[in-house]
Amino acid sequence: MTDERSVLNEYASLMNWLETTAMEMSEEVFFKPIKPGKWSPAEILSHIMKWDDYLLEERIPHMKSGATLPKLENVEAVNNRAAKFARSGITQKELIKETIKLRKRVVERLLDWRPIEWKNTFYIDKYPLCLTSYIKGLIEHDEHHKLQIEVFMNEQGIPHSLFTT
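Please read these numbers as outputs of a predicted model, since none were measured by experiment.

Novice: Which residues make up unusual backbone geometry, and what are the values?
Specialist: With a phi angle near 60°, D125 is a residue other than glycine that sits in the positive phi range. Summarising the element assignment, D125 is placed in the loop between β2 (122-124) and β3 (127-129).

Now the structure itself:
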(Lines give C-alpha, C1' and ligand atoms only; values in the text may rest on other atoms or scores of the structure.)
Protein backbone atom coordinates (compact mmCIF):
# COMPACT_ATOMS: atom_id res chain seq x y z
CA MET A 1 0.00 0.00 0.00
CA THR A 2 1.34 3.41 -0.87
CA ASP A 3 2.00 5.98 1.80
CA GLU A 4 -0.70 8.23 0.32
CA ARG A 5 -3.25 5.41 0.42
CA SER A 6 -2.43 4.46 4.01
CA VAL A 7 -2.62 8.12 5.06
CA LEU A 8 -5.96 8.48 3.31
CA ASN A 9 -7.27 5.26 4.89
CA GLU A 10 -6.27 6.52 8.33
CA TYR A 11 -7.92 9.88 7.64
CA ALA A 12 -11.09 8.06 6.47
CA SER A 13 -11.13 5.89 9.62
CA LEU A 14 -12.85 8.72 11.51
CA MET A 15 -16.07 7.72 9.73
CA ASN A 16 -16.04 4.27 11.35
CA TRP A 17 -15.25 5.80 14.74
CA LEU A 18 -18.20 8.16 14.37
CA GLU A 19 -20.58 5.32 13.45
CA THR A 20 -19.49 3.25 16.43
CA THR A 21 -17.93 5.07 19.36
CA ALA A 22 -19.61 8.47 18.94
CA MET A 23 -23.01 6.79 18.70
CA GLU A 24 -22.51 5.06 22.08
CA MET A 25 -23.38 8.27 23.92
CA SER A 26 -26.88 9.33 24.79
CA GLU A 27 -28.07 12.67 23.34
CA GLU A 28 -27.76 14.15 26.83
CA VAL A 29 -24.08 13.17 27.16
CA PHE A 30 -23.36 14.08 23.52
CA PHE A 31 -24.38 17.69 24.13
CA LYS A 32 -22.80 17.97 27.62
CA PRO A 33 -19.47 19.87 27.93
CA ILE A 34 -16.53 17.54 28.48
CA LYS A 35 -15.33 19.88 31.27
CA PRO A 36 -16.67 23.17 32.62
CA GLY A 37 -16.04 25.86 30.02
CA LYS A 38 -15.11 23.32 27.34
CA TRP A 39 -16.95 22.05 24.28
CA SER A 40 -19.33 19.12 24.22
CA PRO A 41 -18.66 16.07 22.01
CA ALA A 42 -21.25 17.58 19.63
CA GLU A 43 -19.29 20.84 19.39
CA ILE A 44 -16.03 18.93 18.91
CA LEU A 45 -17.49 16.92 16.03
CA SER A 46 -19.01 20.04 14.50
CA HIS A 47 -15.53 21.60 14.74
CA ILE A 48 -14.03 18.65 12.83
CA MET A 49 -16.82 18.86 10.25
CA LYS A 50 -16.39 22.62 9.68
CA TRP A 51 -12.63 22.15 9.22
CA ASP A 52 -13.29 19.39 6.69
CA ASP A 53 -15.53 21.84 4.85
CA TYR A 54 -12.76 24.45 4.94
CA LEU A 55 -10.29 21.88 3.61
CA LEU A 56 -12.64 20.90 0.79
CA GLU A 57 -13.58 24.43 -0.24
CA GLU A 58 -10.58 26.60 0.64
CA ARG A 59 -7.48 24.40 0.74
CA ILE A 60 -7.65 21.44 -1.66
CA PRO A 61 -8.47 23.50 -4.77
CA HIS A 62 -5.33 25.60 -4.21
CA MET A 63 -2.78 22.96 -3.15
CA LYS A 64 -0.73 23.16 -6.34
CA SER A 65 3.02 22.73 -6.55
CA GLY A 66 4.70 25.97 -5.47
CA ALA A 67 1.42 27.65 -4.46
CA THR A 68 1.29 29.89 -1.42
CA LEU A 69 -1.96 29.59 0.49
CA PRO A 70 -2.88 32.25 3.02
CA LYS A 71 -2.81 31.47 6.70
CA LEU A 72 -6.33 31.55 8.10
CA GLU A 73 -6.39 34.65 10.28
CA ASN A 74 -9.65 34.11 12.10
CA VAL A 75 -9.54 30.53 13.38
CA GLU A 76 -11.80 31.46 16.29
CA ALA A 77 -14.56 32.57 13.93
CA VAL A 78 -14.59 29.13 12.26
CA ASN A 79 -14.56 27.42 15.66
CA ASN A 80 -17.35 29.65 16.98
CA ARG A 81 -19.52 28.89 13.93
CA ALA A 82 -18.90 25.19 14.50
CA ALA A 83 -19.93 25.38 18.16
CA LYS A 84 -23.01 27.42 17.27
CA PHE A 85 -24.01 24.87 14.63
CA ALA A 86 -23.77 22.06 17.21
CA ARG A 87 -26.14 24.01 19.46
CA SER A 88 -28.58 24.86 16.64
CA GLY A 89 -31.01 22.07 17.42
CA ILE A 90 -29.38 19.43 15.24
CA THR A 91 -29.67 15.93 16.68
CA GLN A 92 -26.75 13.68 17.55
CA LYS A 93 -27.59 11.32 14.70
CA GLU A 94 -27.90 14.19 12.18
CA LEU A 95 -24.60 15.77 13.25
CA ILE A 96 -22.75 12.47 13.04
CA LYS A 97 -24.33 11.77 9.64
CA GLU A 98 -23.34 15.23 8.33
CA THR A 99 -19.79 14.85 9.66
CA ILE A 100 -19.44 11.45 7.96
CA LYS A 101 -20.90 12.81 4.73
CA LEU A 102 -18.41 15.68 4.62
CA ARG A 103 -15.41 13.48 5.51
CA LYS A 104 -16.47 11.10 2.75
CA ARG A 105 -16.56 13.99 0.25
CA VAL A 106 -13.01 15.00 1.24
CA VAL A 107 -11.75 11.42 0.94
CA GLU A 108 -13.41 11.00 -2.48
CA ARG A 109 -11.83 14.24 -3.65
CA LEU A 110 -8.40 13.14 -2.47
CA LEU A 111 -8.75 9.77 -4.20
CA ASP A 112 -8.47 11.71 -7.47
CA TRP A 113 -5.01 13.00 -6.60
CA ARG A 114 -2.12 11.21 -8.29
CA PRO A 115 0.77 9.99 -6.08
CA ILE A 116 3.06 12.77 -7.37
CA GLU A 117 0.50 15.39 -6.37
CA TRP A 118 0.62 14.13 -2.77
CA LYS A 119 4.31 15.04 -2.70
CA ASN A 120 4.17 18.46 -4.37
CA THR A 121 5.36 21.26 -2.10
CA PHE A 122 3.03 24.14 -1.41
CA TYR A 123 3.17 26.77 1.31
CA ILE A 124 0.79 27.98 3.96
CA ASP A 125 2.04 31.38 4.90
CA LYS A 126 5.77 30.68 4.57
CA TYR A 127 5.74 27.05 5.78
CA PRO A 128 6.38 24.28 3.21
CA LEU A 129 4.00 21.34 3.19
CA CYS A 130 2.82 18.56 0.93
CA LEU A 131 -0.60 16.94 0.92
CA THR A 132 0.73 13.90 2.79
CA SER A 133 2.10 15.98 5.67
CA TYR A 134 -0.99 18.19 5.71
CA ILE A 135 -3.36 15.20 6.02
CA LYS A 136 -1.11 13.58 8.64
CA GLY A 137 -1.53 16.78 10.68
CA LEU A 138 -5.30 16.49 10.35
CA ILE A 139 -5.14 12.86 11.50
CA GLU A 140 -3.28 14.01 14.63
CA HIS A 141 -5.99 16.64 15.13
CA ASP A 142 -8.70 13.94 14.82
CA GLU A 143 -6.86 11.68 17.28
CA HIS A 144 -6.56 14.51 19.82
CA HIS A 145 -10.31 15.13 19.71
CA LYS A 146 -11.23 11.43 19.65
CA LEU A 147 -9.15 10.92 22.79
CA GLN A 148 -10.85 13.89 24.49
CA ILE A 149 -14.24 12.38 23.74
CA GLU A 150 -13.23 8.86 24.77
CA VAL A 151 -11.80 10.08 28.09
CA PHE A 152 -15.05 11.99 28.67
CA MET A 153 -17.08 8.89 27.83
CA ASN A 154 -15.01 6.92 30.32
CA GLU A 155 -15.67 9.59 32.96
CA GLN A 156 -19.39 9.30 32.17
CA GLY A 157 -19.26 5.52 32.65
CA ILE A 158 -19.89 4.74 28.99
CA PRO A 159 -18.08 1.53 28.04
CA HIS A 160 -16.04 1.63 24.84
CA SER A 161 -12.61 0.72 23.54
CA LEU A 162 -10.05 3.49 23.74
CA PHE A 163 -8.34 4.22 20.45
CA THR A 164 -10.87 2.43 18.27
CA THR A 165 -10.80 3.26 14.60
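Novice: Kindly report on the sheet that holds β3, identifying the contributing residues and their values.
Specialist: Sheet architecture is open: three strands sit in the order β1-β2-β3, paired in mixed fashion. Because the sheet does not close on itself, it has two edges, and the strands there are β1 (68-69) and β3. Here β2 runs beside β3; their pairing, made up of three bridges, is antiparallel. Following the sheet pairing, I124 is matched in β3 by Y127.

Novice: Can you break down the environment of L95 residue by residue, with the values?
Specialist: Here L95 lies in helix α6 (residues 92-111). Excluding residues within four positions of it along the chain, L95 makes contact with F30, A42, S46, M49, F85, A86 and I90.

Novice: Quick rundown of the packing of helix α1 (residues 3-12) against α6? Include the residues and the values.
Specialist: The N-to-C vectors of α1 and α6 enclose an angle of 170°; their axes lie 10 Å apart at closest approach. Considering their axes alone, α1 and α6 lie roughly antiparallel with respect to each other. Contact residues: R5, L8, Y11 and A12 in α1; R103, V106, V107, L110 and L111 in α6. Looking at the contact of α1 with α6 residue by residue, the classes come out as seven nonpolar, no polar and two charged.

Novice: Tell me about the environment of T91, and please be specific about residues and values.
Specialist: Looking at the element boundaries, T91 is found in the loop between α5 (75-86) and α6. With 60 residues separating them in the primary sequence, T91 and F31 have C-alpha atoms 9.3 Å apart. Discounting residues that sit within four places of it in the chain, T91 has contacts with E27 and F31.

Novice: A description of the pattern of salt bridges should follow, citing residues and the corresponding values.
Specialist: One pass over the full model with this rule turns up nine salt bridges. Note that E4 and K119 form a salt bridge whose closest N and O atoms lie 2.5 Å from each other. Residue E4 is found in helix α1, and its partner K119 is found in helix α7 (residues 115-119); the two are separated by 115 residues along the sequence. On the basis of relative accessible area, K119 is assigned to the partly exposed category, the value being 49%.

Novice: Quick rundown of the nonpolar core? Include the residues and the values.
Specialist: Residues Y11, L45, L55, L110 and I135 are the most contacted members of the largest nonpolar core, which totals 46 residues. When residues of this core are traced back to their parent elements, those giving at least two are α1, α2 (14-19), α3 (27-30), α4 (41-59), α6, β2 and α8 (131-155). For this core, the leading source of residues is α8, giving eight residues. Apart from the residues within four sequence positions on either side, L55 is in contact with Y11, I60, P61, M63, V106, Y134, I135 and L138.

Novice: Please give an account of the packing of aromatic side chains that cites residues and values.
Specialist: Summed over the entire model, instances satisfying the criterion amount to three aromatic pairs. Ring centres of F30 and F31 lie 5.1 Å apart, and the angle between their planes is 90°; on these two criteria the pair is classed as edge-to-face. For F30, a relative accessible area of 0% corresponds to the buried category. Judged by relative accessible area, which is 29%, F31 ranks as partly exposed. Positioned above the aromatic ring of F85 is the side chain of K50, whose terminal nitrogen or guanidinium carbon lies 4.4 Å from the ring centre. The side chain of R103 reaches across the aromatic face of Y11, ending 3.7 Å from its centre.

Conventions we followed
Residues numbered from 1 in each chain as written. Predicted model: local features only at pLDDT ≥ 70, side-chain atom pairs only at ≥ 80, totals over all residues. Heavy atoms only, no water. Helix = DSSP H or I, 4+ residues; strand = E, 2+ residues; numbered from the N terminus. Pairing = 2+ DSSP bridges. Contact = heavy atoms within 4.5 Å. Axes fitted to C-alpha atoms, helices over the stretch in contact; angles between N-to-C directions. Parallel < 35°, antiparallel > 145°, perpendicular 65-115°, else oblique. Nonpolar A, V, L, I, M, F, W, Y, C, P; charged D, E, K, R; others polar. Salt bridge = Lys/Arg side-chain N within 4 Å of Asp/Glu carboxyl O. Buried < 20%, exposed > 50% of the residue type's maximum accessible area, 1.4 Å probe, protein only. Core = buried A, V, L, I, M, F, W, Y, C linked by side-chain atoms within 4.5 Å. Phe/Tyr/Trp six-rings, centres within 6.5 Å; stacked < 30°, edge-to-face > 60°. Lys NZ or Arg CZ within 6 Å of the ring centre and 35° of its normal.

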